[in-house]
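Residue strings, one per chain:
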Amino acid sequence: MQDLRTQCKISWCPGCTNFGILTAFTQAISELINEGKIRKEEIVITGGIGCAGKIVDYINVNSFEGLHGRALPLGIGIKLGNPNLKVIVFQGDGDTYNEGLEHFISAAKENPDVKLIVHDNSVFALTTGQHTFTTEPGFYSRSLGTFVFEKPLNPIALALVSGATFVARGYALWIDHLKYIIKEAILHKGFSFIEVLQPCITFHDLRSYYEKRMYKLEDIGHNPASFEEALKRSLEYDYTMSDNAKIPIGIFYKSERKTLEEGLEAKEWYKIERVLNKEILELTKV
Ligand code: SF4
């Protein structure tokens, strides 16, 4: 664990729930390394812009911080350049569902073997409180200058209908449960999407709302192999923060199909690019 944390000073607000994601992730990869399932050297993480994206500074593995909403295509590019790498992308809800929505849908459709962890606090937090696509109606948004009136996006349902092969929801403060989901996502072959409910305690504190309404899919015998069942469960919570909501967390769906890398393997230009990449790597070895 010590090896996986950097000396970088953490600039999140004291008590921020992002600490829960940081702990769950470092525990998950630490266990996978100790179990001999992955090697530290082959892990690459990318981050977007916002409180979520800062996480890449705090984890001692290969990392790259990209542009707002573009950490996912950056991660896919890294994976295509070297398919032996384990690529994990960290983005916020603003990053993923606002700025980078087309990348999210493309990744679900194309199935690269890349993992996406979304810190969803339903607000642009770093810029102090503008609404995002998952903000509930009635929230006062500093960018609108009034209360949100739109219907929120349901990212779980969107991922499912876009073709994602691993779809899960976790909660930032249920660390053991989140660690279990992250381990499963990393071991899955194909695009893994984890939506993490991550309340921003400074600008949008939803902790008590979530904690009163969440339940684990494993506790009700949910079958993640069934697309129909996953879609039905995904529609149980619509992000409007209604009083009578029930919020399922856990693995909604898991299936296997050809990855983007496998699909491209037969293409001549892809083979040439891979050879060139290998040569560049050899030339830049110190
Ligand atoms: Fe965490 Fe919110 Fe502070 Fe960002 S603004 S560090 S999400 S508590």
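Our subject is the structure that appears above.
About the cut-offs
Residues numbered from 1 in each chain as written. Predicted model: local features only at pLDDT ≥ 70, side-chain atom pairs only at ≥ 80, totals over all residues. Heavy atoms only, no water. Helix = DSSP H or I, 4+ residues; strand = E, 2+ residues; numbered from the N terminus. Rg over C-alpha atoms; globule rule 2.2 N^0.38 Å. Buried < 20%, exposed > 50% of the residue type's maximum accessible area, 1.4 Å probe, protein only. Contact = heavy atoms within 4.5 Å. Areas by Shrake-Rupley, 256 points an atom, 1.4 Å probe, with all protein chains shown as cover. Near = heavy atom within 4 Å. Nonpolar A, V, L, I, M, F, W, Y, C, P; charged D, E, K, R; others polar. 1 Å grid on protein atoms, 1.4 Å probe; cavity = no way out; pocket = protein on both sides within 12 Å on 5 of 7 lines; lining within 4 Å. Points joined across faces, edges and corners; volume = space filled by probe spheres on them. Axes fitted to C-alpha atoms, helices over the stretch in contact; angles between N-to-C directions. Parallel < 35°, antiparallel > 145°, perpendicular 65-115°, else oblique. Phe/Tyr/Trp six-rings, centres within 6.5 Å; stacked < 30°, edge-to-face > 60°. Left-handed = near helix turned anticlockwise from the far one by under 90°. Salt bridge = Lys/Arg side-chain N within 4 Å of Asp/Glu carboxyl O.

K.L.:
Tell me what's going on with the overall build of the protein, and back it up with residues and numbers.
P.N.:
Summing up its helical and strand segments, the protein has 10 helices and 10 strands in all. Relative to a compact globule of 286 residues, whose C-alpha radius of gyration would be 19 Å, the protein shows 19 Å and is just as compact. Projected onto its principal axes, the C-alpha positions of the protein cover 60 × 45 × 35 Å. A burial count over the protein gives 52% of its 286 residues as buried. Pairs at least 24 residues apart make up 71% of the contacts formed inside the protein by residues separated by at least 6 positions. When the accessible surface of the protein is totalled, it reaches about 12900 Å², and 55% of it is carbon and sulfur.

K.L.:
Describe in detail the site of the ligand, supporting the description with residues and values.
P.N.:
The local shell around the ligand consists of Trp12, Cys13, Cys16, Asn18, Cys51, Asn121, Ala125, Gln198, Cys200, Ile201, Thr202 and Phe203. Within the shell around the ligand, the residues separate by chemical class into 8 nonpolar, 4 polar and no charged.

K.L.:
Give me empty space enclosed by the protein: which residues, what numbers.
P.N.:
Summed over all chains, the structure comprises 1 cavity of 30 Å³ or more. One number sums up the size of the largest cavity: a volume of about 40 Å³. If you trace the largest cavity, you find it lined by Lys79, Lys86, Val87, Ile88, Asp113, Lys115 and Ile186. Examining the composition of the lining of the largest cavity, we find that 3 residues originate from one element, strand E3 (residues 86-92), more than from any other. In terms of residue class, the lining of the largest cavity is built from 3 nonpolar, no polar and 4 charged.

K.L.:
Tell me about the packing of helix H4 (residues 101-110) against helix H5 (residues 155-162), and please be specific about residues and values.
P.N.:
It is the contact of H4 with H5, at a shortest axis distance of 8 Å, that shows an interaxial angle of 45°. Here H4 is positioned oblique relative to H5, judged by the angle of their axes. Contacts between H4 and H5 involve Leu101, Phe104, Ile105, Ala108 and Lys109 from the first element and Pro155, Leu158, Ala159 and Ser162 from the second. Split by residue class, the contact of H4 with H5 holds 7 nonpolar, 1 polar and 1 charged.

K.L.:
Pulling in residues and values, what's your account of the packing of aromatic side chains?
P.N.:
Scanning the entire structure with this criterion turns up 11 aromatic pairs. On the basis of an interplanar angle of 85° and a centroid distance of 5.0 Å, the ring pair of phenylalanine 25 and phenylalanine 90 is categorised as edge-to-face. Remark: phenylalanine 90 occurs in strand E3 and phenylalanine 25 occurs in helix H1 (residues 18-34); sequence separation between them is 65 residues. For the pair phenylalanine 25 and phenylalanine 90, a shared accessibility class is recorded, and that class is buried.

K.L.:
Tell me about the packing of H5 against helix H8 (residues 227-234), and please be specific about residues and values.
P.N.:
Running from N to C, H5 and H8 cross one another at 155°; their axes reach a closest spacing of 8 Å. Relative to H8, H5 is oriented roughly antiparallel. Where H5 crosses over H8, the handedness of that crossing is left-handed. On H8, the residues touching Ile156, Ala157, Leu160 and Val161 of H5 are Phe227, Ala230, Leu231 and Ser234. Of the residues that constitute the contact of H5 with H8, the class distribution is 7 nonpolar, 1 polar and no charged.

K.L.:
Quick one: what's the story with the pattern of salt bridges, residue by residue and with numbers?
P.N.:
Within the structure shown, the criterion is met by 14 salt bridges. As a salt-bridge pair, lysine 183 and glutamate 35 come within 2.9 Å of each other at their nearest N and O atoms. Residue lysine 183 is located in helix H6 (residues 175-187), and its partner glutamate 35 is located in the loop between H1 and strand E1 (43-47); the two are separated by 148 residues in the primary sequence. Residue glutamate 35 is classed as partly exposed on the basis of its relative accessible area of 38%. One salt bridge connects glutamate 262 with lysine 189, and the closest N-O pair in it is separated by 2.7 Å. Remark: lysine 189 occurs in the loop between H6 and strand E8 (192-197) and glutamate 262 occurs in helix H9 (residues 260-264); sequence separation between them is 73 residues. We classify lysine 189 as partly exposed; its relative accessible area is 35%.

K.L.:
Quick one: what's the story with unusual backbone geometry, residue by residue and with numbers?
P.N.:
Although it is not a glycine, asparagine 111 sits at a positive phi angle of roughly 60°. Phi at tyrosine 239 takes a positive value of approximately 70°, unusual for a residue other than glycine.

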